[in-house]
Amino acid sequence: MSVKSPDGSRPVESGAEPTAGLQPFLHDACVTLYAPSFAVSRPDGQLSGGADGFYHGDRRALSRLEVAVEGVALASVGGGVQGADRAVFRSVLRGVAEATPDPAVTLIRARAIAPGRLTERLDVVNSGALPAEVTLIVAAETDLAPMERVKSGAVLRPVLGEVALGALAWSGPDLAVRLTATPAPDAPTPAAPLRWRIALAPGERWSAELLCAAEESTPPLFPPAAPGSTPWRRPRLVSADRRFDRWVDQSHDDIERLLLADPERPADLFVAAGAPWFATLFGRDALWAARMLLPLGTSLAAGTLRTLARRQGTSHEAETQEQPGKILHEVRHAQGDRRGPGLSLPPRYFGTVDATPLWVCLLHDAWRWGLPADEVEALLPHAEAALGWMRDHADADGDGFIEYIDTTGRGLANQGWKDSGDSIRFRDGRQAEAPIALCEVQAYAYEAAQGAAALLRAFDRPGADRWEEWAQRLKSRFRERFWVQDTHGPYPAVALDAEKRPVDSVTSGFGHLLGTGLLDPEESALLARRLAGPDLDAGFGLRTLSATSGGFNPLGYHTGSIWPHDTAIAVHGLARAGFPDAAASLAAGLIRASDSFGARLPELFAGYGADESRHPAPYPASCHPQAWAAASSVHVLRSLLGLEADAPGGTLTVAARIGHDLAPLRLTGLAVGGAPLSLAVRADGTVDIEAPAGIAVHRSRADAVRGSRAG
């Protein structure tokens, strides 16, 4: 027998989950992580369905870990993450040993994640005046499902386990899982929950520890960073807006626990894209995160550049979309291929149009921030190969623009950062057809060519003049072909489609063009005004698509939602292009939003405006933490301080524009040229800087921006 689904669109088998086959929601999930492992639970700590679980190596090691008390209702009274790899959850045992209306007995779950390990300490505490007797129950299951099966929303059956030496154990072809409890429970079996009979006198506490260990049968795809190997000092921000301080602090904790190592050289670290869906190497995400974190030091950038360079394309492979010089999109386990309607991606996939120019941009910027010359020089052949890809392979139809098309019919239809299938639209809502040339990718390519010219000239290698000329030709073509006009004036289209028509929607992509050199001052001013308009600026950040465009959806993945990294890029572009007030306004929106998400900004959130709600609405399936969302805090901070480094030239520019809502401000933990950097902005706007020896500081008095923008 089948019945109609709630929306009447399809039948659902009686007794089946009505959300079966739909991507699980994450907006209220608590995520603790230490890559490559993480746990996803309900706000009360229970692992009980959907995407909940303990994961290791892109497989679910536990699908259920529920704690209950026989015959007693548990009432959650709060909890959540502490840092990144720990969480605490508290519940009241309703009615147990209560002599007054006050709660008397509580359950505390303290969770800690380490690579391949989940540990939970269970404490039952009797704070009442009466004795208490309860039976504590722990139910555990696993389906050993690959991440893509979990993400698909498929109904997955538990794997049968066994009792081995007093522990529960499960095993599959790729992963072995073992759950032990101390003290030992009463007669554990795979089919029955773990039980403890507990008697507590007034004031007594009972404790137990659960340890779930997951081990892969093969070497890990990317091992965890070695303990203590974080390639930067911890940034410390103390400002007049404690929300900003908390955002930077939480972001640091998350980024630190997203670090993974290259198995070919474990000293080279990069940042995994995010949990739970993207806990692996993504070229674009790793590059942007490393670029945003350059003020903390260049070691992460170096590790990211080398990790991707070792996997740079060397041949033509239609199935993977590999081409010589191309930087890859993602690396997955073979059993974790991404599949969906019309989608089947191989484990090593090159379907990205922007990672290659972004790799060159990161190398240039890391050199400016002080990456040692010998490390830069060793990577220049890879930069030249990347430039060769831009020149020889990235222009499918010879029109002079960097563009993409999925030639397999099974890959990503869109291959910029807005890579969902419906993301590139005309103003009336129609979807664009590939090959597609994105506006922001032309800006990345221009910036990469100019940066490469500086590198080639500095290291006495040929080609600098040729790449400067290439960049200028691209700049001229962009001005001729991309600019369109509406009732508010001229602006660049988001893309050119297969017929070379400008895709005329108004998008957040404007922010990626600013500060790259692709635009002249008048063009930059036009885009700064556009970004400040209420159709794009929601008050919590930039919408990916104007609210006045056809197809706008505040809950659309790339068609109206707000992505923190996207807004942070615009903040930096605005500040760099000479529009600090507009930059400060967008930054204030992100600070406001961060507070609503407990200082952990998610991958994206809904594009509803601040005029509709005091708090941003979540995007239900958003990852959190997400590398570039976390790194955005540092990028915003750098932008507001106007930090521009030229370590080879021995200079650092500071052009702070800190408003009264942020000053006074003190920041430590930065680095330039491999040496510590700290600064302070006084309430009157005066900037004090402690810079390394050999670095000349060019500074300007901070112009306090009037009013409280982040209120």
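It should be emphasised that the depicted structure is a prediction, and the values quoted were computed from it without experimental measurement.

Rules used throughout
Residues numbered from 1 in each chain as written. Predicted model: local features only at pLDDT ≥ 70, side-chain atom pairs only at ≥ 80, totals over all residues. Heavy atoms only, no water. Helix = DSSP H or I, 4+ residues; strand = E, 2+ residues; numbered from the N terminus. Buried < 20%, exposed > 50% of the residue type's maximum accessible area, 1.4 Å probe, protein only. Lys, Arg positive; Asp, Glu negative; His and termini not counted. Salt bridge = Lys/Arg side-chain N within 4 Å of Asp/Glu carboxyl O. Contact = heavy atoms within 4.5 Å. Pairing = 2+ DSSP bridges. Axes fitted to C-alpha atoms, helices over the stretch in contact; angles between N-to-C directions. Parallel < 35°, antiparallel > 145°, perpendicular 65-115°, else oblique. Left-handed = near helix turned anticlockwise from the far one by under 90°.

Novice: Before we move on, can you summarise the side chain of aspartate 419 with the specific residues and values?
Specialist: When you line up the elements, aspartate 419 lands in the loop between α6 (373-392) and β25 (437-438). For the buried residue aspartate 419, which engages in no salt bridge, the nearest side chain bearing the opposite charge is arginine 284, 4.1 Å off. When residues no more than four places from it in sequence are discounted, the contact partners of aspartate 419 are Arg284, His329, Leu412, Asn414 and His558.

Novice: Give a description of the pattern of salt bridges that names residues and reports values.
Specialist: Counted by the stated rule, this structure contains 58 salt bridges. Across the salt bridge formed by arginine 291 and aspartate 365, the nearest N and O atoms sit 2.7 Å from each other. Of this pair, arginine 291 sits in helix α3 (residues 283-292) while aspartate 365 sits in helix α5 (residues 355-369); the two residues are 74 residues apart in sequence, bridging distant segments of the chain. As far as the burial class goes, arginine 291 and aspartate 365 line up, both buried. The salt bridge involving arginine 666 is made with glutamate 690; its shortest N-O contact spans 3.4 Å.

Novice: Quick one: what's the story with the sheet that holds strand β12 (residues 132-141), residue by residue and with numbers?
Specialist: Spatial ordering of the open sheet is given by β7-β12-β16, a layout of three strands whose pairing is antiparallel. At either margin of the open sheet sits one strand with a lone partner, and together these are β7 (64-69) and β16 (194-200). Across this sheet, the average inter-strand angle for adjacent strands is 15°, counted without regard to direction. Pairing analysis gives six bridges linking β7 to β12, with the strands arranged antiparallel.

Novice: Any details on the packing of α6 against helix α7 (residues 439-458)? Residues and values, ideally.
Specialist: The relative placement of two packed helices is expressed as an angle between their axes plus a distance between the axes. Where α6 meets α7, the closest approach of the two axes is 11 Å, and the angle between their N-to-C directions is 140°. Between α6 and α7, the angle is such that the two are oblique. Note that α6 runs across α7; the crossing there is left-handed. Side by side, α6 and α7 meet where Val376, Leu380, Glu384, Leu387 and Met390 of the first sit next to Ala445, Ala448, Ala452, Leu455 and Leu456 of the second.

Novice: I'd like to hear about the sheet that holds strand β31 (residues 651-654), residue by residue, with values.
Specialist: Here we have three strands laid out as an open sheet, ordered β30-β31-β35, and mixed in their pairing. In this open sheet, the two edge strands, each paired with only one partner strand, are β30 (644-646) and β35 (696-699). Put simply, the sheet's adjacent strands are angled 15° from each other on average, direction ignored. Pairing analysis gives four bridges linking β31 to β35, with the strands arranged parallel.

Novice: So what's going on with the packing of helix α4 (residues 299-309) against α5? Which residues, and what values?
Specialist: Orientation of α4 relative to α5, taken along the N-to-C sense of each, is 145°, at an axis distance of 10 Å. The chirality of how α4 crosses α5 is left-handed. Contacts between α4 and α5 involve Ala301, Thr304, Leu305, Leu308 and Ala309 from the former and Trp359, Leu362, Leu363 and Ala366 from the latter.

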